[in-house]
Amino acid sequence: MKFHTEYLWFHTEKRREYIRITDKVREVCQKSGIKEGMLLVSAMHISAGVFVNDNEAGILSDIDNMLESIAPLGPDYLHHHTGEDNGDAHLKSLLVHHQIIVPITAGDLDLGPWQQIFYAEFDGRRKKRLIIKVMGE
């Protein structure tokens, strides 16, 4: 089995952003030379996530609204007693999850027709990264 690892860095302008990264992940997959296997995309911060969904503005707004309704930005988190102000970001990350696995077939991402990969930032305005690990033959 072969492995290939790369990192993507982000520095978002807003506290919360959803960034489509499908093309960058595909480039890493193809660069790896692996024809059959799987690819892991994992946010390396506890206030960010990675997910697969449609690249359509309405559903991205719906996702954002859902996350905000479940874990709203505000002062009422026990985590804030530590001096932090991002309790909501930690919970949103749990809801989205911090990583995905995508199958690789014939040297490319094997996604469904509308599936796209997104990096979800919930406590931005600083430098963060994610790891892409390609595994297979």
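Heads up: these notes are all about the structure in this document. (Residues numbered from 1 in each chain as written. Predicted model: local features only at pLDDT ≥ 70, side-chain atom pairs only at ≥ 80, totals over all residues. Heavy atoms only, no water.)

**Quick notes on the sheet that holds strand E4 (residues 48–53)**
In step 1: Across the sheet, which stays open at both edges, the three strands sit in the order E2-E7-E4 with antiparallel pairing between neighbours. Sheet topology places strand E2 (17–20) and E4 at the edges, where each strand pairs with a single neighbour. Taking each pair of neighbouring strands and ignoring which way they run, the sheet shows an average axis angle of 25°.
In step 2: When E2 meets strand E7 (residues 116–121), the two strands line up antiparallel, connected through four bridges. When the sheet's bridge partners are listed, Tyr 18 is paired in E7 with Ala 120. (Pairing = 2+ DSSP bridges. Helix = DSSP H or I, 4+ residues; strand = E, 2+ residues; numbered from the N terminus. Axes fitted to C-alpha atoms, helices over the stretch in contact; angles between N-to-C directions.)

**Considerations on the sheet that holds strand E1 (residues 2–11)**
In step 1: Taken together, five strands build an open sheet; the order of strands is E1-E8-E3-E5-E6 and the sheet is antiparallel. Single-partner strands in this sheet number two, and they are E1 and strand E6 (108–109).
In step 2: Judged from the ten bridges that link them, E1 and strand E8 (residues 127–136) form a sheet pairing that is antiparallel. Looking across to E8, one finds that Thr 5 is bridged to Lys 133.

**Notes on the pattern of salt bridges**
In step 1: On inspection of all chains with the given rule, the structure shows twelve salt bridges.
In step 2: For Asp 88, the salt bridge goes to Lys 92, with nearest N and O atoms at 2.7 Å. Within this pair, Asp 88 and its partner Lys 92 are both found in helix H3 (residues 87–96), separated by four residues, close to a single helical turn.
In step 3: Each of Arg 15, Arg 16, Asp 64, Glu 68, Asp 85, Asp 88, Lys 92, Asp 123 and Arg 126 takes part in salt bridges that share partners, so that together they form one network. (Salt bridge = Lys/Arg side-chain N within 4 Å of Asp/Glu carboxyl O.)

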